[in-house]
Amino acid sequence: MHKFDDKVARILLNVLSHTIERLSLDPPTLDNSRTVDFFNENAKCLICEEGNPIETVFNQYKSVLEESIVSIDSPRFLSFIPVAPTKASMIFDLVVSAGSLNGTSWQEASGAVWAENQVIRWIADLADFPEEAGGCFISGGTLGNLSALVVAREFYRRSHSSNNKRLAIVCSDQAHSSVKSTASVMDCEIIVVPTAQNRQLNSQSILKELNKSNKYKDYAIFAVVATAGTTNLGIVDDLESLSRYAEQTDTWLHVDAAYGGAGLLSPKVRHLYDGIEKADSFIVDPHKWLFAPLDCAAVIYRDKSLAAEVHAQKAGYLDVLHQDEEGNNPSDYAFHLSRRARGLPLWFSLSVYGVASYREAIEHSLDMARYASEKIIALPYLRLFMEPILSVVVFERNGWDWDEYKRWSTEQLKNQVCYVVPSLVDQKPVLRFAFLNPEMTTEIIDEILVSLE
Ligand SMILES: Cc1ncc(COP(=O)(O)O)c(C=O)c1O
């Protein structure tokens, strides 16, 4: 099992030839999920004492399992937040696996950590963060929000040690569900601020909400979470106003730019992020709009030293990792320990293709969103919900209820036209296109819009 023998060589040849086939699909097929009955009929449990010939196992993967997965990198995948990794990043992911890297510490993996830190610095520079900024790659935005807010809580506690009010986080009614989950895991209150027509959180809306109820006087607000690119609508909160509020109230400002952070690269929308440079922390998920394979998110702190004090795990067997003066340990900057060096595929791909190619790919999504919204406005059976801010377009099909949206959605996936599921805005069903895939074309958009007539 651990020797490079004939069996391993055969596995490698099978896997490589299949990988080449998968990577050369242009574009990747959409495919579909199947029922449990389908798997009961077409696949069998292969886990047994003696093992199986590799062809048996791999054939089951190729002929039954793989086709039962909706391809998130198909340009026809427009639901949730798609993932469309560059070819170089996907291929380099194989190298990261084969390298058997443990990206936990500088001592174990300085080469990998150095390269990852180059990318962390590049992202920090996009947000104009200072030199002492730093962070690490983690599995996703959810863990990034949690890790940053745990540091924010410690920042508050250090200057308010005698305060035993209930701790609270402020965010908008458009913030990602992971912010609510984080508050629940941290056993904090969450103050959800209703947003006005433009759905943007700003200092005014926070003050208005805080004045609404006396119960807030019993809360100690330790963090404001702004979103730069809300998931459902692509809203970027008013970061200038929120950074002023945070400064005046001595509150930690965390920016959840999990989806929208990539927009920092585009001069077309960079102004929307003004104020991010004053945040205390932010996250960006390269597995979203920076074309890295799952799972890859970055959490970055204005001053990484407090984060290291909060998150570095201490144990007799680990202390040696902290005596090293060189570099830093990615494990010290988030709620995790052992970790895949998941920033390396992005490092490789960025270095190969160059930043300009990334900017171009991001701007293609902005253009597609603009094209789709103009088309929607022109079609009498559709109603654009709002002008797209980034690359999310939300609209309604006149006269349809949830069931009709669902029926249409299932039919389109069955026909391999698109994977677009209904979403809810203000409790009303809508359709939502999340443009992230650089292979998206105006022809695909036209084809989908026609199917809605
Ligand atoms: C704005 C925002 N924040 C956080 C998350 C959570 O990220 P992840 O799914 O990587 O945990 C998402 C996911 O879509 C998101 O859009």
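Residues numbered from 1 in each chain as written. Predicted model: local features only at pLDDT ≥ 70, side-chain atom pairs only at ≥ 80, totals over all residues. Heavy atoms only, no water.

### Quick word on the overall build of the protein chain
Within the protein chain, the secondary structure is distributed over 15 helices and eleven strands. Relative to the compact-globule value of 22 Å for 453 residues, the protein chain shows a C-alpha radius of gyration of 23 Å, a close match. C-alpha extents for the protein chain along the principal axes are approximately 65 × 65 × 40 Å. Out of the 453 residues in the protein chain, the part that is buried amounts to 52%. A separation threshold of at least 6 residues defines the contact pool for the protein chain, and within that pool the share at least 24 residues apart is 72%. (Helix = DSSP H or I, 4+ residues; strand = E, 2+ residues; numbered from the N terminus. Rg over C-alpha atoms; globule rule 2.2 N^0.38 Å. Buried < 20%, exposed > 50% of the residue type's maximum accessible area, 1.4 Å probe, protein only. Contact = heavy atoms within 4.5 Å.)

### Notes on unusual backbone geometry
A cis amide bond, omega 0°, links Asp-26 with the succeeding residue Pro-27. Position of Pro-27 among the secondary structure elements: in the loop between helix H1 (6–23) and helix H2 (36–42). With an omega dihedral of -5°, the bond running from Leu-294 to Asp-295 counts as a cis peptide bond. Considering the arrangement of structural elements, one finds Asp-295 in the loop between helix H10 (286–289) and strand S7 (297–301). The phi dihedral of Ser-100 is positive, around 50°, even though this residue is not glycine. When you line up the elements, Ser-100 lands in the loop between helix H4 (87–98) and helix H5 (106–126). A residue is classified by how much of its surface remains accessible, and Ser-100, at 63% relative accessible area, is exposed. With a phi angle near 50°, Asp-426 is a residue other than glycine that sits in the positive phi range.

### A short note on the packing of helix H13 (residues 355–378) against helix H15 (residues 442–450)
Close contact between H13 and H15 brings their axes to 10 Å; oriented N to C, the two are set at 30°. Remark: the crossing between H13 and H15 carries right-handed chirality. Note on element contacts: H15 touches H13 through Thr-442, Ile-445, Asp-446 and Leu-449, opposite Met-368, Tyr-371, Ala-372, Lys-375 and Ile-376. In terms of residue class, the contact of H13 with H15 is built from six nonpolar, one polar and two charged. (Axes fitted to C-alpha atoms, helices over the stretch in contact; angles between N-to-C directions. Left-handed = near helix turned anticlockwise from the far one by under 90°. Nonpolar A, V, L, I, M, F, W, Y, C, P; charged D, E, K, R; others polar.)

### Some thoughts on the site of the ligand
Around the ligand sit 15 residues, and of these Gly-141, Thr-142, Thr-231, Asp-256 and Asp-285 come closest. Asp-256 has a polar side-chain atom sitting 2.6 Å from a nitrogen atom of the ligand. Lys-288 has a polar side-chain atom sitting 3.1 Å from an oxygen atom of the ligand. Burial of the ligand by the protein amounts to 84% of the accessible area it has alone, namely 390 Å². Secondary structure elements with two or more residues in the shell around the ligand: helix H6 (141–159) and H10. By residue number, the principal contributor to the shell around the ligand is H6, which donates three residues. Residues belonging to the shell around the ligand are distributed by class as follows: three nonpolar, nine polar and three charged. (Near = heavy atom within 4 Å. Polar contact = N/O pair within 3.5 Å; in protein donor to acceptor, adjacent residues only side chain to side chain. Areas by Shrake-Rupley, 256 points an atom, 1.4 Å probe, with all protein chains shown as cover.)

### Brief notes about the domain arrangement of the protein chain
The domain architecture assigned to the protein chain consists of domain 1 (6–30 + 34–68), domain 2 (95–353) and domain 3 (355–450). Using C-alpha coordinates to define each centre, domain 1 is positioned 33 Å away from domain 3. (Domains from an automatic or database assignment.)

### Let's talk about helix H3 (residues 54–65)
Along its twelve residues, H3 runs 15 Å from first to last C-alpha, staying within 8% of the 16 Å computed at 1.5 Å per residue. Those residues of H3 that sit buried are Ile-54, Phe-58, Gln-60 and Val-64. Seen end-on, H3 carries its buried residues on one side only, within an arc spanning 165°. Tucked into the core, H3 has its buried residues touching H1 and H2. (Expected span 1.5 Å × (residues − 1). Arc of directions from axis to C-beta.)

### So, the pattern of salt bridges
For the coordinates displayed, the defined rule picks out 24 salt bridges. Here Glu-116 and Arg-339 are joined by a salt bridge, their closest N and O atoms 2.8 Å apart. Here Glu-116 is found in helix H5, whereas its partner Arg-339 is found in the loop between helix H11 (304–311) and helix H12 (344–353), with 223 residues between them in sequence. The class of Arg-339 is buried, set by a relative accessible area of 4%. Across the salt bridge formed by Glu-240 and Lys-278, the nearest N and O atoms sit 2.9 Å from each other. Of the two residues, Glu-240 sits in helix H9 (residues 239–249) while Lys-278 sits in the loop between strand S5 (252–256) and strand S6 (281–284), which places them 38 residues apart along the sequence. Because the salt bridges share partners, they merge into one network encompassing Asp-128, Arg-270 and Asp-274. (Salt bridge = Lys/Arg side-chain N within 4 Å of Asp/Glu carboxyl O.)

### With respect to the state of the cysteines
Counted according to the given criterion, the structure contains zero disulfides. This cysteine, Cys-136, is not joined by any disulfide, and Cys-296 carries the nearest cysteine sulfur, 10 Å off. (Disulfide = S-S within 2.5 Å.)

### Concerning the sheet that holds strand S8 (residues 382–384)
Read from one edge of the open sheet, four strands run S8-S9-S11-S10, paired in antiparallel fashion. Only two strands of the sheet have a single partner each, and these edge strands are S8 and strand S10 (422–425). Taken over all neighbouring pairs, the strand axes of this sheet differ in orientation by 45° on average, direction set aside. Pairing of S8 with strand S9 (residues 392–397), which is carried by three bridges, proceeds in the antiparallel orientation. Along S9, the bridge assignment pairs Leu-384 with Phe-395. (Pairing = 2+ DSSP bridges.)

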